[in-house]
Amino acid sequence: MSNIDTVLKDAMQIDGAIGVALVDHTSGMTLGQAGGNTLNLEVAAAGNTEVVRAKLRTMDALRLRENIEDILITLDTQYHLIRLITDKSGAGLFLYLALDKQRSNLAMARHKLANLERTIEI
């Protein structure tokens, strides 16, 4: 049984969380989301799908045979954190978390998102 809603709800408890989404980077489709009142998570999911695809293509061209843990985009007032799902049942998926820079602790947010990623059941 899927626990996506629980994981997304828990992600919104991370200090400074603005919005979170579970995204399929093969299609760009959002499978679930929470928060995002000031941020269009559908648009963010589609845009970040392109970021993930570009990084995977670059790694392939460089013949890097490693896994991406996360991708960080730092804006003036926000952090955007992309965490790829490593479990085989979640292949092709990533968690996207937007954070308010002033109200968040980036190291703690990365740690908590990694823990949530490990608990997700698809």
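Before reading further, recall that the structure is shown in the block above.
Right, let's walk through the structure included here. (Residues numbered from 1 in each chain as written. Predicted model: local features only at pLDDT ≥ 70, side-chain atom pairs only at ≥ 80, totals over all residues. Heavy atoms only, no water.)

### Observations regarding helix α1 (residues 4-11)
(1) Moving on: If you check which residues of α1 are buried, you get Ile4, Val7, Leu8 and Ala11. Down the axis of α1, the smallest arc covering the buried residues is 95°, so these residues share one side. Along α1, exposed side chains directed more than 90 degrees from the buried face belong to Asp5 and Lys9.
(2) Moving on: Its buried side turned inward, α1 meets β1 (17-24), β2 (29-35), β5 (93-100) and α3 (106-119). (Buried < 20%, exposed > 50% of the residue type's maximum accessible area, 1.4 Å probe, protein only. Helix = DSSP H or I, 4+ residues; strand = E, 2+ residues; numbered from the N terminus. Arc of directions from axis to C-beta. Contact = heavy atoms within 4.5 Å.)

### Digging into the pairing of strand β4 (residues 78-84)
(1) Moving on: Counting buried residues along β4, seven of its seven residues qualify, which places the element largely inside the surrounding structure.
(2) Moving on: Pairing analysis gives five bridges linking strand β3 (residues 70-74) to β4, with the strands arranged antiparallel. Among the inter-strand pairings, Ile71 is bridged to a residue of β4, identified as Ile82.
(3) Moving on: The loop that links β3 with its antiparallel partner β4 comprises three residues.
(4) Moving on: Where β4 lies against β5, seven bridges are found, and the strand directions are antiparallel. When the sheet's bridge partners are listed, Leu81 is paired in β5 with Leu97. (Pairing = 2+ DSSP bridges.)

### Details of the sheet that holds β1
(1) Moving on: Taken in spatial order, the five strands of this open sheet run β2-β1-β5-β4-β3, and their pairing is antiparallel. Among the strands making up the open sheet, the edge pair consists of β2 and β3. For this sheet, the mean inter-axis angle between neighbouring strands, taken without regard to orientation, is 15°.
(2) Moving on: Pairing between β1 and β2: six bridges, direction antiparallel. Within the sheet, the bridge partner assigned to Val20 lies in β2 and is Ala34.
(3) Moving on: Docked against the sheet, α3 engages β3, β4 and β5, running at close to 30° with respect to β4. (Axes fitted to C-alpha atoms, helices over the stretch in contact; angles between N-to-C directions.)

### Some thoughts on the nonpolar core
Soluble globular proteins: nonpolar side chains tend toward being buried together.
(1) Moving on: Ranked by internal contacts, the top residues of the largest apolar core, which has 20 residues, are Leu8, Ile14, Leu22, Leu97 and Leu99.
(2) Moving on: When residues no more than four places from it in sequence are discounted, the contact partners of Leu8 are Val20, Ala21, Leu22, Gly32, Gln33, Ala34 and Leu95.
(3) Moving on: In this structure, Ile18, Val23, Leu39 and Phe94 belong to the second largest nonpolar core, which totals 16 residues. (Core = buried A, V, L, I, M, F, W, Y, C linked by side-chain atoms within 4.5 Å.)

### Quick notes on the pattern of salt bridges
(1) Moving on: The tally for this structure, following the rule as stated, stands at six salt bridges.
(2) Moving on: Across the salt bridge formed by Arg53 and Glu50, the nearest N and O atoms sit 3.0 Å from each other. Separated by three residues within a single helix, Arg53 and Glu50 lie in helix α2 (residues 41-61), roughly one turn from each other.
(3) Moving on: Judged by its relative accessible area of 25%, Arg53 is partly exposed.
(4) Moving on: Judged by relative accessible area, Glu50 falls into the partly exposed class, the value being 41%.
(5) Moving on: For Asp70, the salt bridge is made with Arg83, and the minimal N-O distance between the two is 3.9 Å. Remark: Arg83 occurs in strand β4 and Asp70 occurs in strand β3; sequence separation between them is 13 residues. Here the two residues Asp70 and Arg83 agree in accessibility, since each one is buried.
(6) Moving on: Look at the salt bridges and you will find they share partners, linking Asp70, Arg83, Arg110 and Glu117 into a network. (Salt bridge = Lys/Arg side-chain N within 4 Å of Asp/Glu carboxyl O.)

All we've got here are geometric facts, nothing functional implied.
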